[in-house]
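# Tertiary structure, described
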Amino acid sequence: MGELSNCSQCNGLFVKTTKDICPNCVKEEEKAFRTVYDFLKIRMNRQATIVEIVEATGVEERLIIKFVKEQRLRPSQFPNLTYPCQRCGSEINEGNLCSDCSKELATDLKNQDVYNDLAKRKAEEEKRKANTYYSIKRQN
Ligand SMILES: [Zn+2]
Ligand SMILES: [Zn+2]
């Protein structure tokens, strides 16, 4: 018996595989992918945007974005498959953030690290002071 896990899509229990969704949802997702892919295979649909695909196929936007993120639908083939950056909303076709936001976040994280280091050092110093005080007091 494998390990049981909750499907991240329908929340049903299933025996854990390499995927985080259950076999039923995998099947549904494959069907959705086929639908989207068949739609995009038609030459005049190649330039379709995600919104247009949702309208034409009825497949959920979230799923189409997932396919793009998984690189199953390649931006090189379908140039208009873009979705908004999670931070600033500009159009992107890979990852969760646009390149500007990832750069900014990276800098922020570095600053955060420096700040954390300072805070840690200060806390340690305080502790040392407190300890010194404590041992002096005990000696008396
Ligand atoms: Zn499921
Ligand atoms: Zn952004």
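Above this text you will find the structure in question.
What this report covers is the structure whose coordinates are included nearby. Only a predicted model underlies this, so the values are computations on that prediction, with no experimental measurement involved. (Residues numbered from 1 in each chain as written. Chains lettered and ligands numbered in written order. Predicted model: local features only at pLDDT ≥ 70, side-chain atom pairs only at ≥ 80, totals over all residues. Heavy atoms only, no water.)

So, about the overall build of the chain. If you tally the helices and strands in the chain, you get 4 helices and 4 strands. Its helices and strands taken in sequence order, the chain reads β-β-α-α-α-β-β-α from the N to the C terminus. Over its C-alpha atoms the chain spans a radius of gyration of 25 Å, topping by over 25% the 14 Å that the globule rule assigns to 140 residues. With respect to the three principal axes, the spread of C-alpha positions in the chain is 90 × 45 × 20 Å. Sorting the 140 residues of the chain into buried and exposed places 24% on the buried side. (Helix = DSSP H or I, 4+ residues; strand = E, 2+ residues; numbered from the N terminus. Rg over C-alpha atoms; globule rule 2.2 N^0.38 Å. Buried < 20%, exposed > 50% of the residue type's maximum accessible area, 1.4 Å probe, protein only.)

So, on to a nonpolar patch on the surface. On the surface, a nonpolar cluster with roughly 280 Å² of combined accessible area is contributed by Leu4, Leu13 and Val15. Inspection of the secondary structure assignment puts Val15 in strand 2 (residues 13–15). Residue Val15 is classed as partly exposed on the basis of its relative accessible area of 38%. (Patch = residues over 30% accessible without salt bridge, like charges linked within 9 Å, V, L, I, M, F, W, Y side chains within 5 Å. Areas by Shrake-Rupley, 256 points an atom, 1.4 Å probe, with all protein chains shown as cover. Salt bridge = Lys/Arg side-chain N within 4 Å of Asp/Glu carboxyl O.)

Moving on: the coordination of the zinc ion (ligand 1). Donor atoms from the polypeptide that coordinate the zinc ion (ligand 1) comprise Cys7 (SG), Cys10 (SG), Cys22 (SG) and Cys25 (SG), at 2.3 Å from the metal. Geometry at the zinc ion (ligand 1) is tetrahedral, judged from the 4 donor atoms that bind it and their angles of 105 to 114° at the metal. Going along the chain, you hit the donors of the zinc ion (ligand 1) in the pattern C-x2-C-x11-C-x2-C. Note on Cys7: relative accessible area 1%, which makes it buried. In this structure Cys10 comes out as partly exposed when scored by relative accessible area, which is 44%. (Donors = N, O, S within 2.8 Å, 3.2 Å for Na, K, Ca; no water. Tetrahedral: all angles 85-135°; square planar, octahedral: opposite > 155°, others 65-115°.)

Our focus in this paragraph is helix 2 (residues 50–57). Residues Ile50, Ile53 and Thr57 constitute the buried set of helix 2. Projection of helix 2 onto a plane perpendicular to its axis shows the buried side chains occupying an angular sector of 55°, all on one side. Summarising the contacts, the buried residues of helix 2 are in contact with helix 1 (23–41), helix 3 (61–69) and strand 3 (83–84). Gly58 occupies a position one or two residues after helix 2 and carries a positive phi of about 80°. (Arc of directions from axis to C-beta. Contact = heavy atoms within 4.5 Å.)

A few words on the side chain of Glu29. Relative to the elements of secondary structure, Glu29 occurs in helix 1. When neighbours within four sequence positions are excluded, Glu29 is seen to be in contact with Gln9, Ile21, Leu63, Lys66 and Phe67.

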